[in-house]
2 protein chains.
Amino acid sequence: MELTPLLNKQLKTPLYMQLYQYIKKEIETGGISPGTLLPPIRHLCEHLQLSKNTVESAYQQLTAEGYTESMPRICIKVLPLEKTLMPPSQLKVHTNREPKETEQSSAATYDFKYGDIDLSHFPFKTWRRCLQNALDSEDHDLFLYGDHKGDFGLRSELAKYLFQARGVRCVPEQIVICSGTQNAVGLLCQLLSMNGRLVAAENPGYDGVRSVFLNHGCAIQPIGLETDGINLSQLAASRAKLVYITPSHQFPYGMVLPIQKRLKLLEWASRENVYIIEDDYDSEFRYQGRPIPSLKALDKKENVIYLGTFSKSFLPAARLSYIVLPSKLADEFQEKLGRYSQSASPIIQKAMFLFMKEGFFERHIRKMKKVYQEKHKTLISAIKTHFGNDMEIIGEKAGLHILMKTGRRARDLIHKAEKLGVKVYQVSDFWLEPHESSSSIVMAGFGGLSAAEIEEGISILRKAWLSSSKQER
Amino acid sequence: MELTPLLNKQLKTPLYMQLYQYIKKEIETGGISPGTLLPPIRHLCEHLQLSKNTVESAYQQLTAEGYTESMPRICIKVLPLEKTLMPPSQLKVHTNREPKETEQSSAATYDFKYGDIDLSHFPFKTWRRCLQNALDSEDHDLFLYGDHKGDFGLRSELAKYLFQARGVRCVPEQIVICSGTQNAVGLLCQLLSMNGRLVAAENPGYDGVRSVFLNHGCAIQPIGLETDGINLSQLAASRAKLVYITPSHQFPYGMVLPIQKRLKLLEWASRENVYIIEDDYDSEFRYQGRPIPSLKALDKKENVIYLGTFSKSFLPAARLSYIVLPSKLADEFQEKLGRYSQSASPIIQKAMFLFMKEGFFERHIRKMKKVYQEKHKTLISAIKTHFGNDMEIIGEKAGLHILMKTGRRARDLIHKAEKLGVKVYQVSDFWLEPHESSSSIVMAGFGGLSAAEIEEGISILRKAWLSSSKQER
């Protein structure tokens, strides 16, 4: 440990006494705890530019008064105090909200938490090897700040992948690596000078991104959904020059925007000079029908800003996401945000590059499609078995979550499920304003649970919900 | 690879023909390059939900026309085209600014680049082991999103470290881990709803942070420097409610704000209800005099928001920085930014936690202090030897860079040095507006060079500058 007291040579109090008083006070107020070894005299002299004599005198005084004791090899150990002294008042923080969520979710036996992924099929060994290889690199740049837009190799691999998997044609220069979707949207708000401006967004929609817009001083114009996705006439009426949308798998409802609507949307955007942020967050996992190319793939006039993430398709802990910018915006990015350092670690980026380059990513996606499809099938069939027609399932074609709709209050259902150790989630935050639809819907993510856990979880839900509904009657 | 064409059953053109046309066009325009293996029929059927027959017919047509050839084990390989076809027009991006910097700096033999650190003393083995241990963890949360404020263990270690090294008293709940200083300042702009508001900042000062403020819609009020740091009367006159300052080691001038001025600044901030962002970016490395506690350490009224980074003290590639929030702002952070995911990887955070917990960080800092002090001494004495009184050295008490001031134009000096393979840097960007002082100053970072390289680099500078100054006469 080191100590950094404020010592003043001008004062009448000698330096050794100032040092002694500082340490004594820290011991009394809990800043230095019992059992701590004070820094060796030599270190403290060097650190504080004091003479050996000064530090020695301060230490001797402390030991003489019983605050510390001398140990073999010139160590000074802090002793426990008789009475407990109050810690300094500024150390109190009201952290009522912080530990809550973690505690609750760890208590649940079956947690249908959205955002959890399947770790049992994750190729830990391969990923470790990629990280190891990245760390073994001779390339010194890997240990500095790295390219401000992200590792060029990774961006090249992404360009290939996005073309093959999503029909997106782009060059690495259009890609910016970010550390998560919210980080990406924050950069876009800055790039597009969004503060004080209007953003149209699906309602319900992803609250995590909406809060980024709001925190950047944007106003949100909520746009309703139809059975086939965003309401285009409402959108046109909004006069917004930026739209945030999840066309491949609407969040949270799960519908896929059909091709006709995509083309109409693009035509409108081009005519009205609107930018569309397409959040393609989990398009990898589709279980029915033919994949539709991303909006960006159809975007001839360059109105679409494409967002993707490795959080669903790979690992949330990589904290890697990406933006594909229209080429005119790629230049503006350079101009306006060119001085920003990259926020994702070059080491993780390099490992991800190796993982993609060697073909592991493609293989992983292919495997996970099957794994999630299996889980998804299990979930749907368990719900049908246990609830029959009492439960409507929403958004069952794709992704890592579904919505369940009943005629009953979601809050009660969530509470009852939790009592039996099953966590399902409310959806009300996805609406910009409180909305009646949300009150009877619960959300269930299934990525992190095994098929057996899913079955067991749903059967417990039946117990929790059906038995109590009988009591209610 | 996968392909995601837009296929339409309603069209008269049969699906196999649509698929064939799509692939053919991609080959012609360079979207699919020669040598590529097309996806196995089975995969493509599954991916596009097509019959085996459809895909087979499309592939046969391509092979019949010489675009592809069949390979053993049902692989289809793309063949090179006779004539080079133009890539699609939207793939062109004007990237004139991107590769420039990298090319230039890699060409230099001695690059006095600010931001480079000493990697030859970096404990790669230990750091690898910490990363390995983090990856071996059984804790599943480590592979998901992690705590939104950052790993609790790391925040606890930081709280201890900041108390010992910088006199900052805080609890982990006040600390937010970020991925770099600019990321941190971006979050603060959102937390404090800074858009449209005034920020006072040292002028000259760190342009990287200034651009974050500007991109968040802030106006910058430049505050001049005196020989002992920021001009307090100018600051008071600015009426700004937020100040960004580098008191421990002014960037780029290097002066240390003396204790009297610190106390005055804090008193003013408390009286006027101003938040001070203290950027303590490289306070670890001081070579003269006694360390002064951070502003935050003296901040009884909680007006100081403290920023720190691991980029100088540890490794830029960790992309880890941190904010210490006053406790009232810690609550507001939870309220306003509580839905944000953490942007630093939980894996890197855990490794950093282990590195600190086992005492390696403290040992590393102690070692690096000596290493940089040695380099710094070499640099100063080389400049004195080669330039004598012709060169003024600015900011020589601390940090990883110095400024050199001559009577001559910095632009010419930089150009002449570069011709002989030595890179030094201009400082004009640090001023908000063009300023005459900047025209005769060059910046030299020394963290990334060895003592021998520093000596050699400076002796080349003499050749470059003195010989040419003779020619000029």
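These lines cover the structure that appears in this document, whether it is placed above or below. Being a predicted model, the structure only gives us computed values, none of them experimental.

## Quick notes on the interface of chain A and chain B
Logical step 1: Counting residues at the interface gives 105 residues for chain A, matched by 105 residues for chain B.
Logical step 2: Contact between chain A and chain B buries roughly 9300 Å² in total, counting both sides, with carbon and sulfur atoms accounting for 53%.
Logical step 3: The largest per-residue losses of area from chain A upon contact with chain B belong to Tyr145, Arg169 and Arg290 of chain A, which jointly make up 8% of the total buried on that side.
Logical step 4: Taken together, the links from chain A to chain B amount to 9 salt bridges.
Logical step 5: Along the contact surface separating chain A from chain B lie 31 residue pairs in polar contact (both at pLDDT 80 or more).
Logical step 6: When residues of the side of chain A that touches chain B are assigned to their parent elements, the largest contribution, 7 residues, is made by helix 12 (residues 327–337) of chain A.
Logical step 7: Residue composition of the side of chain A that touches chain B, grouped by class: 44 nonpolar, 32 polar and 29 charged.

## Details of the packing of helix 7 (residues 181–191) of chain B against helix 8 (residues 207–215) of chain B
All names here are of chain B.
Logical step 1: Between helix 7 and helix 8, whose axes approach to 9 Å, the crossing angle comes to 30°. Relative to helix 8, the element helix 7 lies roughly parallel. As for how helix 7 packs across helix 8, the hand of that crossing is right-handed. Note on element contacts: helix 8 touches helix 7 through Gly208, Val209, Val212 and Phe213, opposite Thr181, Gln182, Val185, Gly186 and Cys189.
Logical step 2: Split into classes, the residues belonging to the contact of helix 7 with helix 8 amount to 5 nonpolar, 4 polar and no charged.

## A closer look at the pattern of salt bridges
Logical step 1: Scanning the entire structure with this criterion turns up 30 salt bridges over all chains.
Logical step 2: A salt bridge links arginine 339 of chain B to aspartate 429 of chain A; the nearest nitrogen and oxygen atoms lie 3.6 Å apart. Here arginine 339 of chain B, found in the loop between helix 12 (327–337) and helix 13 (346–357), pairs with aspartate 429 of chain A, found in the loop between strand 17 (425–426) and strand 18 (441–445), and the two come from separate chains.
Logical step 3: Among the residues examined, arginine 339 of chain B registers a relative accessible area of 43% and is labelled partly exposed.
Logical step 4: Under the relative-accessibility criterion, aspartate 429 of chain A is labelled partly exposed at 30%.
Logical step 5: Among the salt bridges present, the one from arginine 366 of chain B reaches glutamate 362 of chain B, with a minimum N-O distance of 3.1 Å. One end of the pair is arginine 366 of chain B and the other is glutamate 362 of chain B, both in helix 14 (residues 360–387) and 4 residues apart, which spans about a single turn.
Logical step 6: When salt bridges with common partners are traced through the structure, they connect Asp207 and Asp429 of chain A together with Arg339 of chain B into a single cluster.

## Considerations on the packing of aromatic side chains
All names here are of chain B.
Logical step 1: Applying the stated criterion across every chain yields a total of 36 aromatic pairs over all chains.
Logical step 2: A centroid spacing of 5.7 Å and a plane angle of 40° characterise the contact between phenylalanine 355 and phenylalanine 360, whose relative ring orientation is tilted.
Logical step 3: The exposure class assigned to phenylalanine 355 is buried, which follows from its relative accessible area of 0%.

## Topic: the sheet that holds strand 5 (residues 175–178) of chain A
All names here are of chain A.
Logical step 1: Strand order in the open sheet formed by 7 strands is 5-13-12-11-10-6-7, with mixed pairing between adjacent strands. Bordering the open sheet on either side are strand 5 and strand 7 (219–223), each of which pairs with just one other strand. Direction aside, neighbouring strands of the sheet carry axes that sit 20° apart on average.
Logical step 2: Where strand 6 (residues 198–202) meets strand 10 (residues 242–245), 2 bridges bridge the pair, whose relative direction is parallel. By the bridge assignment, alanine 201 is partnered in strand 10 with tyrosine 244.

## Some thoughts on the packing of helix 6 (residues 152–166) of chain B against helix 13 of chain B
Residues and elements named next belong to chain B.
Logical step 1: Their axes nearest at 8 Å, the elements helix 6 and helix 13 cross at an angle of 40°. Here helix 13 runs oblique to helix 6, going by the angle between their axes. Helix 6 and helix 13 meet at a crossing whose hand is left-handed. Every residue of helix 13 that contacts helix 6 at Gly153, Leu154, Glu157, Leu158 and Tyr161 is listed here: Gln349, Met352, Phe353, Met356 and Lys357.

## Here's the deal with the relation of the copies chain A and chain B
Logical step 1: With an RMSD of 0.2 Å, the fit of chain A onto chain B corresponds to turning through 180° and sliding 0.0 Å along the axis. What we have between these two chains is a two-fold relation.
Logical step 2: An overlap of 100% is found between the interface residues of chain A and their copies at the interface of chain B, pointing to a shared contact surface.

## Some thoughts on the nonpolar core
Logical step 1: By size, the foremost hydrophobic cluster in this structure holds 152 residues, and its most contacted members are Trp127 and Trp465 of chain A together with Trp127 and Trp465 of chain B.
Logical step 2: Each residue touching tryptophan 127 of chain A, except ones within four places of it in the same chain, is listed here: Phe122, Phe314, Leu315, Ile348, Ala351, Met352 and Phe355 of chain A together with Leu135 and Ile347 of chain B.
Logical step 3: Leu337 of chain A together with Leu192, Cys218 and Ile220 of chain B belong to the second largest nonpolar core, which has 60 residues in total.

## So, helix 10 (residues 259–272) of chain A
Residues and elements named next belong to chain A.
Logical step 1: The end-to-end C-alpha distance of helix 10, which contains 14 residues, comes to 20 Å, matching closely the 20 Å that a straight helix rising 1.5 Å per residue would cover.
Logical step 2: For helix 10, the set of buried residues is Ile259, Lys261, Arg262, Leu265, Leu266, Trp268 and Ala269.
Logical step 3: Positive phi shows up at asparagine 273, right after helix 10, with a value of about 60°.

The rules behind each value
One numbering rule holds for all chains: residues counted from 1, following each sequence as written. Chains carry letters and ligands carry numbers; both start at the beginning, A for chains and 1 for ligands, and go up in the order they are written. Thresholds applied to this predicted model are a pLDDT of at least 70 for local features of residues and 80 or more for the giving and counting of side-chain atom pairs; totals over whole chains, interfaces and linings are not thresholded and use all residues. Each side-chain value is derived from all of the structure's non-hydrogen atoms; neither hydrogens nor water enter the calculation. The contact criterion used is simple: two residues touch if any of their non-hydrogen atoms lie within 4.5 Å. Defined here as a combined quantity, buried area equals the accessible surface (1.4 Å probe) lost by two parts on assembly, summed across both. What counts as a salt bridge is simple: a side-chain nitrogen of Lys or Arg found within 4 Å of a carboxyl oxygen of Asp or Glu. Two N or O atoms count as a polar contact when they lie within 3.5 Å, although within protein this holds only if one can serve as hydrogen donor and the other as acceptor, and sequence-adjacent residues are included solely when both atoms are side-chain atoms. Put simply, DSSP H or I for four residues or longer makes a helix, DSSP E for two residues or longer makes a strand, and each gets a number counted from the N terminus. Here the term charged refers only to Asp, Glu, Lys and Arg, the term nonpolar to Ala, Val, Leu, Ile, Met, Phe, Trp, Tyr, Cys and Pro, and the term polar to all other amino acids, Gly among them. Here an axis means a line fitted to C-alpha atoms, over the contact stretch when the element is a helix, while the angle between two N-to-C directions is reported on a 0 to 180 degree scale. Each angle receives one of four descriptions, namely roughly parallel if under 35 degrees, roughly antiparallel if over 145, roughly perpendicular if within 65 to 115, and oblique otherwise. Left-handed describes a crossing whose near helix is turned anticlockwise from the far helix by less than a right angle; the clockwise case is right-handed. Burial classes follow relative accessibility: with a 1.4 Å probe on protein chains only, a residue under 20% of its type's maximum area counts as buried, one over 50% as exposed, and anything between as partly exposed. Think of it this way: a Phe, Tyr or Trp ring, Trp meaning its six-membered ring, pairs with another when their centres are within 6.5 Å, and the plane angle makes it stacked under 30 degrees, edge-to-face over 60, tilted otherwise. For two strands to pair, DSSP has to find at least two bridges joining them. To superpose the copies, least squares is applied to the C-alpha atoms of every residue with a pLDDT of at least 70 in both. In these notes, a set of buried Ala, Val, Leu, Ile, Met, Phe, Trp, Tyr and Cys residues joined through side-chain atoms within 4.5 Å is what counts as a nonpolar core. Under the convention used throughout, the expected extent of a helix is 1.5 Å for every residue step, that is, one less than its residue count.

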